[in-house]
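Overview (structure and organization)
This is what each chain is made of:
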Amino acid sequence: MRIFKFGGASVKDANGVRNLVKVLQETGHQNTMLVVSAMGKTTNGMEKVVDSYFQDKSTVKLAFHEMIDAHNETLEALFSNSKHPIFERVKSLFDEVKGFLAWNKSPKYNFVYDQVVGYGELVSTAIISAYLKEVGIENTWIDVRDYIKTNDNYRDAGVAWEKTKENIAQGIDKSRLYITQGFLGSDDHNFTTTLGREGSDYTAAILAYCLSADEVTIWKDVPGVLNADPRYFKETQLLHKISYREAIELAFYGASVIHPKTLQPLQRKEIPLRVKSFLNPKNKGTTVGKGIGIEPEVPCFIVKKDQLLIKLYSLDFSFIVEDSISEVFKLFHDHRMKVDLIQNSAISFSVCVDDKFHNMEALLKELQRKFKVVCQENVSLYTIRHFNAKAIESLQKGKEILLEQRGKETVQLVTK
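Residues numbered from 1 in each chain as written. Predicted model: local features only at pLDDT ≥ 70, side-chain atom pairs only at ≥ 80, totals over all residues. Heavy atoms only, no water.

**With respect to the overall build of the chain**
If you tally the helices and strands in the chain, you get 13 helices and 17 strands. Here the C-alpha coordinates of the chain stretch approximately 75 × 55 × 40 Å along the principal axes. A separation of at least 24 residues holds for 74% of the contacts in the chain among residues at least 6 apart in sequence. Summing over all exposed atoms, the chain offers an accessible surface of approximately 19800 Å²; the carbon and sulfur share of this is 49%. (Helix = DSSP H or I, 4+ residues; strand = E, 2+ residues; numbered from the N terminus. Contact = heavy atoms within 4.5 Å. Areas by Shrake-Rupley, 256 points an atom, 1.4 Å probe, with all protein chains shown as cover.)

**Concerning the sheet that holds strand S10 (residues 286–289)**
Picture the strands of a sheet paired through backbone hydrogen bonds; they go either parallel or antiparallel. Here we have 9 strands laid out as an open sheet, ordered S3-S4-S2-S1-S7-S9-S10-S8-S11, and mixed in their pairing. At either end of the open sheet lies a strand with only one pairing partner, and these are strand S3 (140–141) and strand S11 (294–295). Sheet topology note: the S3/strand S4 (residues 177–181) ladder contains 2 bridges and is parallel. Residue pairing for S4: Trp141 is matched across the bridge by Ile179. Packed onto the sheet, helix H1 (residues 14–27) meets strand S1 (2–6), strand S2 (32–36) and strand S7 (215–220) and runs at close to 155 degrees relative to S1. (Pairing = 2+ DSSP bridges. Axes fitted to C-alpha atoms, helices over the stretch in contact; angles between N-to-C directions.)

**Here we look at helix H8 (residues 200–211)**
Over its 12 residues, H8 runs 16 Å from end to end, which matches the ideal 16 Å to within 8%, given 1.5 Å per residue. Judged by how many residues are buried, H8 sits mostly within the fold: 12 of 12 residues are covered. Within H8, burial applies to Ser200, Asp201, Tyr202, Thr203, Ala204, Ala205, Ile206, Leu207, Ala208, Tyr209, Cys210 and Leu211. (Expected span 1.5 Å × (residues − 1). Buried < 20%, exposed > 50% of the residue type's maximum accessible area, 1.4 Å probe, protein only.)

**Describing the nonpolar core**
With 99 residues, the main nonpolar core has Ile3, Met33, Leu34 and Leu101 as its most contacted residues. Ignoring anything within four residues of it in the chain, the contact list for Leu34 reads Phe4, Phe6, Leu20, Leu24, Leu132, Leu177, Tyr178, Ile179 and Thr180. Membership of the second largest hydrophobic core comes to 17 residues, among which are Leu308, Met337, Val351 and Val373. (Core = buried A, V, L, I, M, F, W, Y, C linked by side-chain atoms within 4.5 Å.)

**Some thoughts on the packing of aromatic side chains**
The geometry of an aromatic ring pair is captured by the separation of the ring centres together with the interplanar angle, meaning the angle of the planes. By the definition in use, this model includes 18 aromatic pairs. Measuring from centroid to centroid gives 5.2 Å for Tyr53 and Phe54, while their planes differ by 90 degrees, and the two rings are edge-to-face. Residue classification places Tyr53 among the buried residues on the basis of a relative accessible area of 8%. A centroid spacing of 6.0 Å and a plane angle of 90 degrees characterise the contact between Phe79 and Tyr131, whose relative ring orientation is edge-to-face. With Phe79 in the loop between helix H3 (60–78) and helix H4 (85–103) and Tyr131 in helix H6 (residues 119–134), this pair connects stretches of sequence that are 52 residues apart. Across the pair, Tyr131 and Phe79 agree in class, each one buried. Within the aromatic cluster, the residues linked to one another by ring pairs are Phe100, Trp103, Phe111, Tyr154 and Phe191. Between Arg268 and the ring centre of Trp161, over which it is positioned, the NZ or CZ distance is 5.5 Å. Over the face of the ring belonging to Phe252 we find Lys338, whose NZ or CZ atom lies 5.6 Å from the ring centre. (Phe/Tyr/Trp six-rings, centres within 6.5 Å; stacked < 30°, edge-to-face > 60°. Lys NZ or Arg CZ within 6 Å of the ring centre and 35° of its normal.)

**Topic: the environment of Asn151**
Inspection of the secondary structure puts Asn151 in the loop between S3 and helix H7 (161–171). Considering only alpha carbons, one finds Asn151 and His189, 38 residues apart in sequence, at a separation of 9.8 Å. With residues near it in sequence (within four places) discarded, Asn151 still touches Ala157, Gly158, Asp187 and Thr193. Here Asn153 takes part through its backbone nitrogen, which lies 3.1 Å from a polar atom of the side chain of Asn151. A distance of 2.9 Å separates the side chain of Asn151 from the backbone nitrogen of Gly158, its partner in a polar contact. (Polar contact = N/O pair within 3.5 Å; in protein donor to acceptor, adjacent residues only side chain to side chain.)

**Examining the sheet that holds strand S16 (residues 401–406)**
Reading across from one edge, S13-S14-S12-S15-S17-S16 is the order of the 6 strands in this open sheet, with antiparallel pairing throughout. Each of the sheet's edge strands pairs with one partner strand only, and the pair in question is strand S13 (338–344) and S16. On average, each strand axis in the sheet is tilted by 30 degrees relative to the strand beside it, whichever way the strands run. As paired strands, strand S12 (residues 300–314) and strand S14 (residues 348–354) are joined by 6 bridges and run antiparallel to one another. Bridging from a neighbouring strand, Leu312 pairs with Phe349 of S14. On the sheet, helix H12 (residues 360–367) packs against S12 and strand S15 (371–385) and is oriented at approximately 125 degrees with respect to S15. Sheet strands in contact with helix H13 (residues 389–396) are S12, S15, S16 and strand S17 (410–415), and its direction is about 130 degrees off that of S15.

**A short note on the side chain of Ser124**
Mapped onto the secondary structure, Ser124 falls in helix H6. Residue class for Ser124 comes out buried when judged on its relative accessible area of 0%. At a separation of 3.1 Å, a polar atom in the side chain of Ser124 contacts the main-chain carbonyl oxygen of Glu121. Once residues lying within four places of it in the same chain are set aside, the contact partners of Ser124 are Val36, Ser37, Ala38 and Met39.

**A word on unusual backbone geometry**
Cis peptide bonds are those with omega within 30 degrees of zero, and the linkage from Glu295 to Pro296 qualifies with -5 degrees. Looking at where Pro296 falls in the secondary structure, it is placed in the loop between S11 and S12. Backbone geometry places Arg336, a non-glycine residue, at a positive phi of 55 degrees. Relative to the helices and strands, Arg336 is located in the loop between helix H11 (322–334) and S13. For Asn378, which is not glycine, the phi torsion reads 55 degrees and is therefore positive. Examined against the element boundaries, Asn378 turns out to sit in strand S15.

Purely spatial values, then, with no claim about function.
What follows is the structure, encoded as C-alpha cells:
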C-alpha cells in the first residue's frame, strides 16, 4: 500500500482539487491512502475562530463566515449541482463547530483549539472524497480519529501506538483507495487531539508504519527537498537523495519540508519517503531512505524566524553547573518552550528558544528569581549543514551576529 499526503497548498482551491485528481490519474490510485490537510489557509482561519472565542465572542460569527464563504466558493466551482449532498455535509460540519462552541464550558485554550481547528481537515477531505466520486474515482472516506489514538496532550499529542496499530489492522483493507485527514487523532474520551502544526506528514508516517506501506509520498509545491527554503534564499538546489539520518538532522534543525517526527516511524521499517511536486508528478523529486549522507553534497541552509535568545547569568558569579541547568530545563519543559540552541560558559548560559505557546512572560518571571536574565526577541536562528567558508560568509553579510556555534558538520548563527 502507498500513502500519499497532500498539504494545504496543493488543495487550496478548486483547481488544486482538480490537480489532485490529475496526480491520481497519472500515478494510479489503487492500494492507496490519501492523507489530506485543510485547504489553503483554513487552519489559520480556524485559529482565528478560536482566538475570537476567547477574546471577543461577538467576532466569532464573522470569523466563521470567512471560512464558510471560502469553502462554498470551492464547492460551487467543483459541483454544478447545488443540491449535491456535499453542500449539506460541509454545512453540517461547520454547524458541529458552532455547536461545540455554544455548549463548551472548558476554559482551556489548547483543548478548545483541538476541538475546533481540526474541522478544516474534516471539511477538506469530505469535499475531495465527494469530488473523486463525481469524476468516477471510487474511494472510502474515513475519520482518522477512529484510528489514531493519542494521549490528551492537546495541540501536541503523543501517539498510543499499540491501540493505533490494532485499530488500523482491523479497519483498513489495503486493496482500496481511502481518503482521510492529517494532523488529527483522539484521546481515550474521544475528544479530538492534534499532532502539532504540520502534523499531517506525521499522520502519513503513522499510517505507513501501521500498514507496513511500500512508500510514502508527500506532494508539495516544490520539486522536492531543496537545500534551502526558496522563500528566504535566492539560490536553491534539489537534493536527489537523503539518508534517514541526514533528513532527521535537517528536520531537527527546522527544515520545513519534512516534519521532525515524521521520519522515525519510517526509518524503523525502512519505508522510503518521497517528496515530489504536485505540479510535475512524473518528476523524480527527492527520496529519503537508507543510505549515507546527501546527493549532491552541498551546504544546506535552514532559518527559524521569531526566536528568543535568552542569556542567564548567575547573580553571585558562581558557576552555572548541573543543578542550575537541570532547574532551567525543567522550567523550559513546564512552559513548553522548544530549545533550538544551547551554549554555556562558567557563569552564563545562553539558549535560543521557540515560544510556540506564548509563555515567555511567565517563564522570564520564574528565571529572574534565580538569575540575571537578558532576553532578545525576534532573533533569527540560521543553521548550515555541511558548511564551508563561502556559505558562512553569505549568511554573515549585513547581519549582527549575536551568537555562533560550530560543530564538525554544522554551524549555527543567531542574528538580529
